[in-house]
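These are the residues of each chain, in order.
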Amino acid sequence: MTQDELKDAVAAAAIDEIAPHLERDTILGIGTGSTANRFIDRLARLRDDFMGAVASSEASAERLRGHGIEVFELNSVGTVPYYIDGADEVNAHLHMIKGGGAALTREKIVAACAERFICIADASKRVERLGDFPLPVEVIPMARSYVARELVKLGADPVYREGVITDNGNRILDCFEFMIDDPVAMEARINAIVGVVTNGLFAARGADVLLLGSDTGVERLTPA
Ligand SMILES: O=C[C@H](O)[C@H](O)[C@H](O)COP(=O)(O)O
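- Going by what an unreviewed UniProt entry lists, the protein chain is known as Ribose-5-phosphate isomerase A and is assigned to Billgrantia montanilacus.
- The record held by UniProt for the protein chain lists under Sequence similarities (unreviewed entry) the comment "Belongs to the ribose 5-phosphate isomerase family."

1. Looking at the overall build of the protein chain
(1) Moving on: The secondary structure content of the protein chain amounts to seven helices and 13 strands.
(2) Moving on: Radius of gyration (C-alpha) of the protein chain: 17 Å, near the 17 Å computed for a compact globule of 224 residues.
(3) Moving on: Expressed as a percentage of the 224 residues in the protein chain, the buried residues total 53%.
(4) Moving on: Contacts in the protein chain between residues far apart in sequence, at least 24 positions, make up 74% of those at least 6 positions apart.
(5) Moving on: For the protein chain, the exposed area adds up to about 10100 Å²; of that, 48% sits on carbon and sulfur atoms.
(6) Moving on: For the protein chain, the distance from the average position of its 23 positive side-chain charges to the average position of its 35 negative side-chain charges is 3 Å.

2. Re the sheet that holds strand S10 (residues 196–199)
(1) Moving on: Judged by pairing direction, the sheet is antiparallel, and its four strands sit side by side in the order S8-S9-S7-S10 without closing on themselves. The sheet is open, and its two edges are formed by strand S8 (157–160) and S10, each paired on a single side. Going across the sheet, the axis of each strand differs from the next one's by a mean of 30°, ignoring polarity.
(2) Moving on: As judged from the four bridges shared by S8 and strand S9 (residues 171–176), these two strands associate in the antiparallel manner. Pairing of Tyr 160 across the sheet is with Leu 173, part of S9.
(3) Moving on: Sheet strands touched by helix H7 (residues 183–191): strand S7 (135–139) and S10. Its angle to S10, the strand with the most contacts, is close to 165°.

3. Examining the UniProt feature "active site" (unreviewed entry) in the protein chain
(1) Moving on: UniProt's entry tags Glu 107 with the feature "active site" (unreviewed entry), counted in the numbering of this structure.
(2) Moving on: Looking at where Glu 107 falls in the secondary structure, it is placed in helix H5 (residues 104–112).
(3) Moving on: Residue classification places Glu 107 among the buried residues on the basis of a relative accessible area of 3%.
(4) Moving on: Leave out the neighbours within four places in its chain, and Glu 107 touches Thr 32, Ser 56, Tyr 83, Asp 85, Lys 98, Gly 99 and Phe 202.

4. Remarks on the pattern of salt bridges
(1) Moving on: Going through the model one piece at a time under the given rule, you end up with 13 salt bridges.
(2) Moving on: Its salt-bridge partner being Arg 106, residue Glu 58 comes within 3.0 Å of it at the nearest N-O pair. Of the two residues, Glu 58 is situated in helix H3 (residues 58–66) and Arg 106 in helix H5; the sequence distance between them amounts to 48 residues.
(3) Moving on: Residue class for Arg 106 comes out partly exposed when judged on its relative accessible area of 24%.
(4) Moving on: Members of the salt-bridge network, linked through shared partners, are Asp 4, Asp 8 and Arg 38.

5. Remarks on the packing of aromatic side chains
(1) Moving on: Under the definition given, this model contains one aromatic pair.
(2) Moving on: An angle of 90° between the planes, with centres 5.0 Å apart, marks the rings of Tyr 83 and Phe 117 as edge-to-face. Taken together, the residues Tyr 83 in strand S3 (residues 80–85) and Phe 117 in strand S6 (residues 114–122) connect sequence positions 34 residues apart. Considered together, Tyr 83 and Phe 117 belong to a single accessibility category, that of buried residues.
(3) Moving on: Cation over ring: Lys 108 sits above Phe 202, and NZ or CZ is 5.1 Å from the ring centre.

6. Details of the packing of helix H2 (residues 34–43) against H3
(1) Moving on: The contact between H2 and H3 brings their axes to 9 Å, and the two run at 20°. Relative to H3, H2 is oriented roughly parallel. You can see that H2 and H3 cross each other, and the crossing is right-handed. Contacts from Asn 37, Ile 40 and Asp 41 of H2 reach H3 at Ser 60, Arg 63 and Leu 64.
(2) Moving on: For the contact of H2 with H3, the residue count by class is two nonpolar, two polar and two charged.

About the thresholds
Residues numbered from 1 in each chain as written. Predicted model: local features only at pLDDT ≥ 70, side-chain atom pairs only at ≥ 80, totals over all residues. Heavy atoms only, no water. UniProt positions renumbered as here; feature names shortened; annotations may be inferred. Helix = DSSP H or I, 4+ residues; strand = E, 2+ residues; numbered from the N terminus. Rg over C-alpha atoms; globule rule 2.2 N^0.38 Å. Buried < 20%, exposed > 50% of the residue type's maximum accessible area, 1.4 Å probe, protein only. Contact = heavy atoms within 4.5 Å. Areas by Shrake-Rupley, 256 points an atom, 1.4 Å probe, with all protein chains shown as cover. Lys, Arg positive; Asp, Glu negative; His and termini not counted. Charge placed at Lys NZ, Arg CZ, Asp CG, Glu CD. Pairing = 2+ DSSP bridges. Axes fitted to C-alpha atoms, helices over the stretch in contact; angles between N-to-C directions. Salt bridge = Lys/Arg side-chain N within 4 Å of Asp/Glu carboxyl O. Phe/Tyr/Trp six-rings, centres within 6.5 Å; stacked < 30°, edge-to-face > 60°. Lys NZ or Arg CZ within 6 Å of the ring centre and 35° of its normal. Parallel < 35°, antiparallel > 145°, perpendicular 65-115°, else oblique. Left-handed = near helix turned anticlockwise from the far one by under 90°. Nonpolar A, V, L, I, M, F, W, Y, C, P; charged D, E, K, R; others polar.

Here is the structure:
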């Protein structure tokens, strides 16, 4: 199967996972990226079965609205029963690196408000140790150089993502050469640097379920 077909397969599996639980007043949390987009496109077929969605990016909000799905402000919703999103890397504990599409901060906020995080990914995203994928860090623009120097002290090789401004008006540093042995500790450590908005480690709040697509089908995994 191609990577696109695997993304379609996990998007379909996520629909199967949540469809029996949808109520007329259900508001879902929706992620960002090519895998989440496939989920959104399939969700459109169920749009009369639930109330709407909270989006983790302007791009996803636009796609949802394009399908006639109402998009709500998170502040007016409170909590959502499910957050469905892709990942750039995921380990056996369902800790993830996210933010390849620069949506990490809003993703982390919506995930924090979710009762269950369902991660959808093709098998290429499953790793033993996080860090081959460069870890994104969202920074306040004026703190960019300072944060980069602090990240070097932690062992990373941060590279400014040229031309990218996040939905929050901030910048992204991508940390290369950064193998992460303790994702929970490193997530907290990077977030403690002044000027960091958040980093792409989703470990303190990892996924509850991973739907992992490979040539042999979609596997349903829970944290080890
Ligand atoms: O900022 C982007 C998000 O974290 C995405 O969920 C992540 O990059 C995975 O995207 P894709 O499904 O396109 O591989």
